[in-house]
Amino acid sequence: MKKFSVTLLALGVMSAGNVSVADDKSLTIGTNNWAENIAVANMWKILLEEEHDYDIELSDVGKSVLYSGLASGDFDLSLEIWLPTTDAPFLEPYRDRIDVHDVWYRGTGLGLVVPSYADIDSIAELKEQAERYEYQGGPSILGIDSGSAIAGLTDDVISAYDLPFDQINSSGPAMMAALDGAYSRDEPMVVTLWSPHWAFAEYDLKYLEDPKGIYGDNEDIYWMARPGLDEDDPWLTSVLNAWHMDDDSLGTLMARIEETGDPEEGARDWINDNRDLVDSWFDDASG
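Remember, it's a predicted structure, so these values are computed and weren't measured experimentally.

Here the focus is the pattern of salt bridges. Counted under the stated rule, the structure contains 15 salt bridges. Taking the shortest distance from any N to any O, the salt bridge between Arg268 and Glu50 comes out at 2.5 Å. Placement of the pair is Arg268 in helix H10 (residues 263-273) and Glu50 in helix H1 (residues 35-52), with a sequence separation of 218 residues. Salt-bridge contacts for Asp273 lead to Arg256; the nearest nitrogen and oxygen are separated by 3.0 Å. One end of the pair, Asp273, is in helix H10; the other, Arg256, is in helix H9 (residues 247-260), with 17 residues separating them in the sequence. Accessibility expressed as a relative area gives 52% for Asp273, which makes it exposed.

Here it is, written out as structure tokens:
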């Protein structure tokens, strides 16, 4: 596993609340390639580096490595776990060795998505319309990397609904590029998507109904850490527990990053435009 570190350099007394933080503290943070994770990771990188003297390096790892790394202490924290359904299988083997902290986003969505112009409303209808959703030689659902939770749930959906489809797994950007091409030609396409995601601001899309409930109900996003982080860095733990975002704040952050094409530049612009919200997280934190 590629290891990377977040080093807290010579933090003495923090100006906000005079909270003392230990010097010479090293952290490793795991991130994944979901759009909202990239957005908030870069947002926190800027806030902690430029305003609180942290030295942060972000690196992307797969879900299985992320959870095993937290449990073993190779990582100290990660900013995103969806519960109670999506990420539960990843957490289960390590639930006694990973601390799930506070919710920062409530009411996610997850499932199969098509352009709103597509004449279909339910996953079950895909079986009869399979020929309309051919991609690279056969009926296909375009997804993200095969190790992701949504990829596993989509395999379950294909089986539960007896769909004559293959799931084509690639990166998020590759999936979105294919959707963009189909959308520009008014062609049908089915992809795996989740809310929050910037795509819903850029395209007119809809979730297909999931009467079997394979993708589960709406969930919440928490942050998680190795046991003991709250004792080792109570200030950081308190700040992250005070952090909350909604559809508007997170959606505009992701949209700004997508517009600029640079996660750090987009996140920095968004921070400047949302100073009151950002300051409230630090104001609400306790030592």
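Among the structural elements, Pro196 can be located in the loop between strand S11 (191-195) and helix H6 (199-202). For Pro196, a relative accessible area of 7% puts it in the buried group. Separated by 160 residues in sequence, Pro196 and Glu36 place their C-alpha atoms 6.8 Å apart. What Pro196 contacts, discounting residues up to four positions off in sequence, is Glu36, Trp82, Tyr105, Ile221, Leu250 and Met254.

Counting buried residues in strand S13 (residues 220-225) gives 5 out of 6 residues, a clear majority hidden from the surface. Where strand S5 (residues 77-83) meets S13, 5 bridges bridge the pair, whose relative direction is antiparallel. Across the sheet, the residue bridging to Leu83 is Asp220, located in S13. As judged from the 5 bridges shared by strand S6 (residues 99-106) and S13, these two strands associate in the antiparallel manner. Looking at the pairing, Val103 lines up with Tyr222 of S13.

A word on the pairing of strand S7 (residues 109-115). With 7 of its 7 residues buried, S7 lies for the most part within the structure. Bridging between S7 and S11 involves 5 bridges; their strand directions are antiparallel. When the sheet's bridge partners are listed, Leu112 is paired in S11 with Thr192. Relative to strand S12 (residues 205-207), S7 is paired through 3 bridges, and the arrangement is antiparallel. Across the sheet, residue Pro115 finds its bridge partner in S12, namely Leu205.

A separate point is empty space enclosed by the protein. Which parts of space are left empty comes out when a probe the size of a water molecule is rolled across the atoms. Going through the model one piece at a time under the given rule, you end up with 1 cavity of 30 Å³ or more. Considered as a void within the structure, the largest cavity measures approximately 90 Å³ in volume. Taken together, Ile29, Ala41, Trp44, Lys45, Leu48, Ile56, Leu58, Leu77, Leu79, Leu236 and Leu240 form the lining of the largest cavity. For the lining of the largest cavity, the secondary structure elements donating two or more residues are H1, S5 and helix H8 (234-242). Considering each element in turn, the lining of the largest cavity owes the most residues, 4 residues, to H1. Here the lining of the largest cavity is composed, by residue class, of 10 nonpolar, no polar and 1 charged.

Moving on to the side chain of Ser195. Its location among the elements puts Ser195 in strand S11. A distance of 2.7 Å separates the side chain of Ser195 from the side chain of Tyr207, its partner in a polar contact. Apart from residues no more than four positions distant in its own chain, Ser195 is found in contact with Trp82, Thr108, Gly109, Phe200 and Tyr207.

Under the definition given, this model contains 14 aromatic pairs. Residues Trp104 and Tyr105 carry aromatic rings whose centres are separated by 6.3 Å and whose planes lie at 65° to one another, so their mutual orientation is edge-to-face. Overall, the relative accessible area of 1% leaves Trp104 in the buried class. One aromatic cluster is present, built from ring pairs that chain together Trp44, Tyr54, Trp104, Tyr105, Trp235, Trp243, Trp281 and Phe282. One Lys or Arg, Lys212, reaches over the ring of Tyr161 and ends 5.5 Å from the middle of that ring.

Reading guide: rules and limits
- Residues numbered from 1 in each chain as written.
- Predicted model: local features only at pLDDT ≥ 70, side-chain atom pairs only at ≥ 80, totals over all residues.
- Heavy atoms only, no water.
- Salt bridge = Lys/Arg side-chain N within 4 Å of Asp/Glu carboxyl O.
- Helix = DSSP H or I, 4+ residues; strand = E, 2+ residues; numbered from the N terminus.
- Buried < 20%, exposed > 50% of the residue type's maximum accessible area, 1.4 Å probe, protein only.
- Contact = heavy atoms within 4.5 Å.
- Pairing = 2+ DSSP bridges.
- 1 Å grid on protein atoms, 1.4 Å probe; cavity = no way out; pocket = protein on both sides within 12 Å on 5 of 7 lines; lining within 4 Å.
- Points joined across faces, edges and corners; volume = space filled by probe spheres on them.
- Nonpolar A, V, L, I, M, F, W, Y, C, P; charged D, E, K, R; others polar.
- Polar contact = N/O pair within 3.5 Å; in protein donor to acceptor, adjacent residues only side chain to side chain.
- Phe/Tyr/Trp six-rings, centres within 6.5 Å; stacked < 30°, edge-to-face > 60°.
- Lys NZ or Arg CZ within 6 Å of the ring centre and 35° of its normal.

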